[in-house]
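Here's the letter readout for the chains.
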Amino acid sequence: MLTSAVVASVYVWPLVRAMPRHDALRLLAAFHAFRFLGMNFMVAGFVSPELNPGFASEVGWGDLIAATLALISMAVLSWRRSIAIPMVWIFNIWGTFDLLNAYYVGATKIRNPGLFGAGIYIPALYVPLLLVGHALIFMLLLKPASETRKS
C-alpha cells in the first residue's frame, strides 16, 4: 500500500490535480473499469476449489458492480451531465467499501492465502492501487471548486 501511495503522490496526483476536474475524475475512473478482475475468484482452476464460494461470489460481483459504476461515471463525465459528480460519489463510495469489505472478509474468513492461487496478485498488488485511486478521487471530489480547474 505504501508503494502505491508514494507513486501516486509523486507521479499521479500532480498530473490529475492540474487537469480539469471532469477529465481527472474520468481518468481515475478508467482505472477502476478493470475491476472485473475480481471475478477471477469465481473461476475454477484460477483459485483453489477449496476457496469459500460465498467469498468468491461476494468479491466477484462487488467488483463487477464497481466496474460498471466506473464505466457509467466515465460516460456521464464525458457527456458533462449534471449527474456526473453525484455518480462519481456513488461509484467511489461503493468501490471503496467493496474493497474494504473484501479485505475484511478475506482476512477474517480465509485462513490460508494459498487458496487464492493465481489470484493472489489481486489483494497483494491490485487492491492497494485501487484503494489509492479511490483516495485520489475523494481528494478531487472534496476539493473546493475554486481550487480545481473548471471542466
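Here the residue numbering is sequential within each chain, running from 1 through the sequence in written order. This being a predicted model, a pLDDT of at least 70 is required before a residue's local features are given, and a value of 80 or more before pairs of side-chain atoms are given or counted; all residues contribute to the totals for chains, interfaces and linings. Side-chain descriptors were evaluated using all non-hydrogen atoms of the structure, hydrogens and water having been removed beforehand.

## A closer look at the overall build of the chain
And then number 1: Broken down by element type, the chain carries 5 helices and 0 strands.
And then number 2: Helix and strand labels come from DSSP, where a helix needs a run of H or I of at least four residues and a strand needs a run of E of at least two; each type is numbered from the N terminus. In the chain, the succession of helices and strands from N to C terminus is α-α-α-α-α.
And then number 3: The principal-axis extent of the C-alpha atoms belonging to the chain is close to 50 × 30 × 20 Å.
And then number 4: Only protein chains enter the accessibility calculation, which uses a 1.4 Å probe. A residue is then buried if its area is under 20% of the maximum for its type, exposed if over 50%, and partly exposed in between. When each of the 151 residues of the chain is scored for burial, the buried share is 43%.
And then number 5: When the accessible surface of the chain is split by element, carbon and sulfur atoms take 71% of a total near 8,000 Å².
And then number 6: Averaged over its 11 positive side-chain charges, the chain has a centre that lies 13 Å from the centre of its 6 negative ones. Computed with a 1.4 Å probe, the accessible areas rest on the Shrake-Rupley method; for each residue, only the protein chains presented here act as cover. Only four residue types enter the tally: Lys and Arg on the positive side, Asp and Glu on the negative side; His and the chain ends are excluded. By convention, the point assigned to a charge is CZ for Arg, NZ for Lys, CD for Glu and CG for Asp.

## Overview of the pattern of salt bridges
And then number 1: Basic side-chain nitrogens of Lys or Arg form a salt bridge, by our definition, when they fall within 4 Å of a carboxyl oxygen of Asp or Glu. Using the criterion set out here, one finds 4 salt bridges in the structure.
And then number 2: Here Arg 26 makes a salt bridge to Asp 23, at a shortest N to O gap of 3.2 Å. Of this pair, Arg 26 and Asp 23 both sit in helix H2 (residues 21-32), 3 residues apart, roughly one helical turn.
And then number 3: Note that Asp 98 and Arg 35 form a salt bridge whose closest N and O atoms lie 2.8 Å from each other. Note that Asp 98 is positioned in helix H4 (residues 84-109) and Arg 35 in the loop between H2 and helix H3 (53-78), a separation of 63 residues in sequence.
And then number 4: Accessibility expressed as a relative area gives 9% for Asp 98, which makes it buried.
And then number 5: Taking the relative accessible area as the measure of exposure, Arg 35 reaches 0% and is therefore buried.
And then number 6: One connected set of salt bridges, linked through shared partners, spans Asp 23, Arg 26 and Arg 80.

## What to know about the environment of Trp 89
And then number 1: Tracing the backbone through its elements, the reader meets Trp 89 in helix H4.
And then number 2: Judged by its relative accessible area of 28%, Trp 89 falls in the partly exposed class.
And then number 3: In this structure the C-alpha to C-alpha distance between Trp 89 and Trp 61, which are 28 residues apart in sequence, comes to 19 Å.
And then number 4: Beyond its immediate stretch of four places on either side in the chain, Trp 89 contacts Phe 138, Leu 141 and Leu 142. Contacts are assigned to residue pairs with any non-hydrogen atoms lying within 4.5 Å of each other.

## With respect to the layout of surface pockets
And then number 1: Points on a 1 Å grid over protein atoms alone make up a cavity when a 1.4 Å probe fits among them but cannot get out, and a pocket when they form an open set with protein on both sides within 12 Å along at least five of seven lines; lining residues each have an atom within 4 Å of a point. Grid points are joined across faces, edges and corners, and a volume is the space filled by probe spheres set on the points. Of the volumes computed, that of the largest pocket is approximately 250 Å³.
And then number 2: Taken together, 13 residues make up the lining of the largest pocket; nearest its centre are Ala 8, Val 12, Phe 31, Leu 129 and Leu 136.
And then number 3: Elements with a minimum of two residues in the lining of the largest pocket: helix H1 (2-17), H2 and helix H5 (121-142).
And then number 4: When grouped by side-chain class, the residues that make up the lining of the largest pocket number 10 nonpolar, 3 polar and no charged.
And then number 5: Roughly 200 Å³ of volume is contained in the second largest pocket.
And then number 6: Lining the second largest pocket are 16 residues, and of these Phe 55, Ala 102, Tyr 103, Phe 116 and Pro 123 lie nearest its centre.
And then number 7: Elements that contribute at least two residues to the lining of the second largest pocket include exactly H3, H4 and H5.
And then number 8: Element by element, the count of residues in the lining of the second largest pocket is highest for H4, at 6 residues.
And then number 9: As a working rule, the residues Ala, Val, Leu, Ile, Met, Phe, Trp, Tyr, Cys and Pro are called nonpolar, Asp, Glu, Lys and Arg charged, and the rest polar, with Gly in that last group. Residues of the lining of the second largest pocket, tallied by class, amount to 13 nonpolar, 1 polar and 2 charged.

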